[in-house]
Amino acid sequence: MINGSGFFVNATVFTGHGEDAFASAFRIEDGLVTWVGDAAEVAGQPATDLGGRTVLPGLLDVHTHPAVMAAQADALDCLPPRVTSLAALLDRLREHPSLGAGPDAWILGTGFDDARFPEGRAPDARDLDAVSTTQPVLVWRCDGHSASCNTRALELAGITAATADPPGARFERDADGRPTGVLTEIAAVDAVADRIPEPDTATIARRLADLDEHFLSHGLTGVCDLLSSFVADPLPTFRAARELGFRPRVALYPGWQPELADLTDDDRTGPIRIAGVKVFADGAFSNRTAWVEDPYPDSCEHGIRSISDDELRDAAAWARRNRVQLAVHAMGDRALNRVVDLLGDDEPWLDDQPSVRIEHATLVAPGLVDRLTRARVGIGIATHTIFLFAETSAYRNNLGPDQARVAYPIRALYDSGLPLALTSDRPATAWDDADDVFCSVAAAVRRLAHDGTDIGQPESITVPQAVLLYTGRARKLADLGPVGVLEPGAAGDFVVLDRDVFTVPAEELAEVRVAETWIAGERCWAS
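Residues numbered from 1 in each chain as written. Predicted model: local features only at pLDDT ≥ 70, side-chain atom pairs only at ≥ 80, totals over all residues. Heavy atoms only, no water.

1. Remarks on the overall build of the protein
Applied cut-off: Numbered from the N terminus, helices here are DSSP runs of H or I no shorter than four residues, and strands are runs of E no shorter than two. Here the radius of gyration uses the C-alpha set of atoms, whereas the globule reference equals 2.2 Å times the residue count to the power 0.38. Residue contacts follow a heavy-atom distance rule, with two residues in contact if any of their heavy atoms lie within 4.5 Å. Exposure was quantified through the Shrake-Rupley algorithm and a 1.4 Å probe, taking into account, for residues, occlusion by the shown protein chains and nothing else. Only four residue types enter the tally: Lys and Arg on the positive side, Asp and Glu on the negative side, with His and both chain ends excluded. Taken as the charge location is NZ of Lys, CZ of Arg, CG of Asp or CD of Glu.
Helix and strand counts for the protein come out as 17 helices and 24 strands. For a compact globule of 527 residues, the expected C-alpha radius of gyration is about 24 Å, and the protein comes in at 23 Å, within 12% of that figure. Considering only contacts in the protein between residues 6 or more positions apart, those separated by 24 or more positions represent 72%. Total accessible area on the protein stands at roughly 19,700 Å², and carbon and sulfur atoms take up 48% of it. One finds the centroid of the 47 positive side-chain charges in the protein at a distance of 1 Å from the centroid of its 80 negative side-chain charges.

2. Considering helix α9 (residues 309-322)
Structurally, the α-helix is built with 3.6 residues per turn, so residues lying three or four positions apart point the same way. Let me state the cut-off plainly: Take the residue count of a helix, subtract one, and multiply by 1.5 Å to get its expected span. To sort residues, take the accessible area from a 1.4 Å probe on protein chains only and compare it with the maximum for the residue type: under 20% means buried, over 50% means exposed, and anything in between is partly exposed. As used here, the arc is the angular range of directions from the helix axis to the C-beta atoms.
Under the 1.5 Å per step criterion, the end-to-end length of α9 is 20 Å for 14 residues, consistent within 8% with the ideal 20 Å. Of all the residues in α9, the buried ones are Leu-312, Ala-315, Ala-316, Trp-318, Ala-319 and Asn-322. The buried residues of α9 occupy an angular sector of 155° when projected down its axis, which confines them to one face. Taken from the residues just after α9, Arg-323 is the one with a positive phi, measuring 55°.

3. Looking at the sheet that holds strand β14 (residues 220-225)
As a reminder, the rule being used: Whether two strands pair depends on DSSP finding at least two bridges between them. Note on method: axes are straight lines fitted to C-alpha atoms, helices fitted across the in-contact stretch only, with angles between N-to-C directions ranging 0 to 180 degrees.
On the basis of which strands lie adjacent, the open sheet formed by four strands has the order β7-β14-β15-β16 and parallel pairing. In this open sheet, the two strands that pair with only one neighbour each are β7 (59-64) and β16 (272-274). Averaged over all neighbouring strand pairs, the angle between strand axes comes to 15°, with direction disregarded. Across four bridges, the pairing between β14 and strand β15 (residues 249-252) is parallel. Residue pairing across strands places Cys-224 opposite Ala-251, the latter belonging to β15. Docked against the sheet, helix α8 (residues 234-243) engages β14, β15 and β16, running at close to 170° with respect to β16.

4. Remarks on the state of the cysteines
To be explicit about the condition: Only a pair of cysteine sulfur atoms within 2.5 Å counts as a disulfide in this structure description.
A complete count under the given rule lists zero disulfides for this structure. Counting only cysteine sulfurs, Cys-78 is the nearest neighbor of Cys-149, a cysteine outside any disulfide, at a range of 15 Å. By relative accessible area, which is 0% here, Cys-149 ends up buried. Between Cys-224, a cysteine without a disulfide, and Cys-524, which holds the nearest cysteine sulfur, the sulfur-to-sulfur distance is 19 Å.

5. Looking at the pairing of strand β17 (residues 276-280)
For β17, a buried count of five out of five residues is recorded, marking the element as mostly surrounded by other parts of the structure. Residues Gly-276, Lys-278 and Phe-280 point to one face of β17 and Val-277 and Val-279 to the other, with burial holding for every one of them. Note: β17 against strand β18 (residues 325-330), five bridges, orientation parallel. Looking at β18, one finds that Phe-280 is bridged to His-329.

6. So, the environment of Leu-79
Residue placement: Leu-79 occurs in the loop between β8 (76-77) and α2 (86-93). A relative accessible area of 9% means that Leu-79 is categorised as buried. As for Leu-79 and Pro-427, which are separated by 348 residues in sequence, their C-alpha atoms are 9.8 Å apart. Setting aside residues up to four positions removed in sequence, Leu-79 forms contacts with Thr-110, Gly-111, Cys-142, Thr-429, Ala-430, Trp-431 and Asp-432.

7. Brief notes about the nonpolar core
For soluble globular proteins, nonpolar side chains are generally found buried alongside one another. Stated formally: Here, nonpolar core means buried Ala, Val, Leu, Ile, Met, Phe, Trp, Tyr and Cys residues that are tied together by side-chain atoms lying within 4.5 Å of each other.
Leu-326, Val-328 and Ile-358 are the most contacted members of the largest nonpolar core, which totals 110 residues. Tallying contributions element by element places helix α16 (residues 437-446) first for this core, with eight residues. Once residues lying within four places of it in the same chain are set aside, the contact partners of Val-328 are Val-279, Ala-281, Leu-312, Val-339, Val-356, Arg-357, Ile-358 and Glu-359.

8. Regarding the packing of α9 against helix α10 (residues 333-343)
Note the following rule: Orientation labels follow simple angle bins: below 35 degrees gives roughly parallel, above 145 gives roughly antiparallel, 65 to 115 gives roughly perpendicular, and whatever is left gives oblique. Each crossing gets its hand from how the near helix is turned against the far one by less than a right angle, where anticlockwise is left-handed and clockwise is right-handed. In the scheme used here, Gly and all other residues not listed as nonpolar or charged are polar, with Ala, Val, Leu, Ile, Met, Phe, Trp, Tyr, Cys and Pro taken as nonpolar and Asp, Glu, Lys and Arg as charged.
Close contact between α9 and α10 brings their axes to 11 Å; oriented N to C, the two are set at 60°. Here α10 runs oblique to α9, going by the angle between their axes. Our pair here, α9 against α10, has a crossing hand that is right-handed. On the side of α9, the interface is formed by Asp-309, Leu-312, Arg-313 and Ala-316, while α10 contributes Arg-338, Val-339, Leu-342 and Leu-343. Among the residues making up the contact of α9 with α10, the classes are represented as five nonpolar, no polar and three charged.

9. Some thoughts on the environment of Tyr-470
Tracing the sequence through the fold places Tyr-470 in the loop between α17 (463-468) and β22 (494-497). You can call Tyr-470 buried: its relative accessible area is 2%. With 158 residues separating them along the chain, Tyr-470 and Leu-312 place their C-alpha atoms 28 Å apart.

10. Topic: the pairing of strand β9 (residues 107-112)
Let me state the cut-off plainly: When the strands point away from the viewer and the connection leading from the first strand across the helix to the second strand turns clockwise, the crossover is called right-handed.
Taken across its six residues, β9 has six buried, putting it largely inside the fold. Of the strand pairs in this sheet, β8 and β9 are connected by two bridges, and their pairing is parallel. Bridge assignment links Leu-76 to a residue of β9, and that residue is Gly-109. Handedness of the crossover joining β8 and β9 through α2: right-handed.

Geometric values such as these leave the question of function open.
Here's what the structure looks like:
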């Protein structure tokens, strides 16, 4: 690490305060920004020369899943372009180091996207039995909401034709009612995944610490883990990871359970803190479980509702009592409308950020944007463009024309003034490097998918606007501390880019890379 306390000059400094908020120099003392202005004002004073490069505040990914990344470290990456067919998926799983290690050793994979498979379907137990009949096999779909397992895994989980479907989820079945091994939605996946031996806290903490370079190389100095309870005891585990060298700030959002204990002041403070609780109101579009007003194309199905009114209100009451946010996974417009119906008129319980966060908010027609904006409770949106960019085939198959026109309306949401951020949801999408901020910026600006498909160009935004959704606007959505801007009193966190994101041709935006990441005035990572 290089300690750079003092003046920093010779840079194009985007401060995060607005689309045209630029400076050319700043000062950091004791880890905090103490001055931002024009380099001419400090000419002749000792300073760190940034070489004329572009500087941004430390980037914020306010919906990602480091706990999942750590817990699934033993799962093989089955994402495109490595895996684009069912046959390739099976070949990939046969590469797992646990194959042949004994009947208790699980063979795990994550990230398959059956929308790209020529076979046009997800693997089932019969397919995965070709990998092993004696060892359990489980592979998560790219959306994180579904998975497939082999016969042995079904046996270990005790799932038979007589097993009832979990609430808000399904064990897919054949014509005779026998489970096929396809697990639709999280409760069904968990019925099998809960049988996997869980690494101890020390192992998970070490794995989290090992993610430090990943986040810093992407310029991410603050993240929100939107299902931190994917690992046991997330708060002490993440704090242990910090002691081992994990440097980004983390706001934790455990999944809601009625038995969730109340928080202490210590739980809510510090660079690793609990900032909210998460619930699921519906599923995902890629498997047609998002809860929608209009049925899916060529179907009478409206998706799955994942939480009852009473459960949603109980979770909101817990968040209010504990003075943290309620984060609601809601992709479909019917799910969004129900959240506003139930909570929109409530008195807000937080002052500095929205009391309720909506995660994803896929289908948002103009009237729904207005409802969200007018909600008394205070609502913010954590959304993205990486899903449309990476999973365009699935969305094309599962959205009708009217739905496609209002899918991820980033410009409308930006113009609404709602607290808003672009996020990655890594690893729950079909893109190998989903938290590459500049891939996401390019998708928001160009509104083109990975294959060049138009994904709603009328809803495109400018580069400064997209960067704000990872900095100054994102900081208003979640409590990560004094981050996301370069101003007196803010954390001395910033990134230096390898080229000027504000002037490169649009077709080169996704090629922009972080050259250096600084935290509290210290250079922590360099390419």
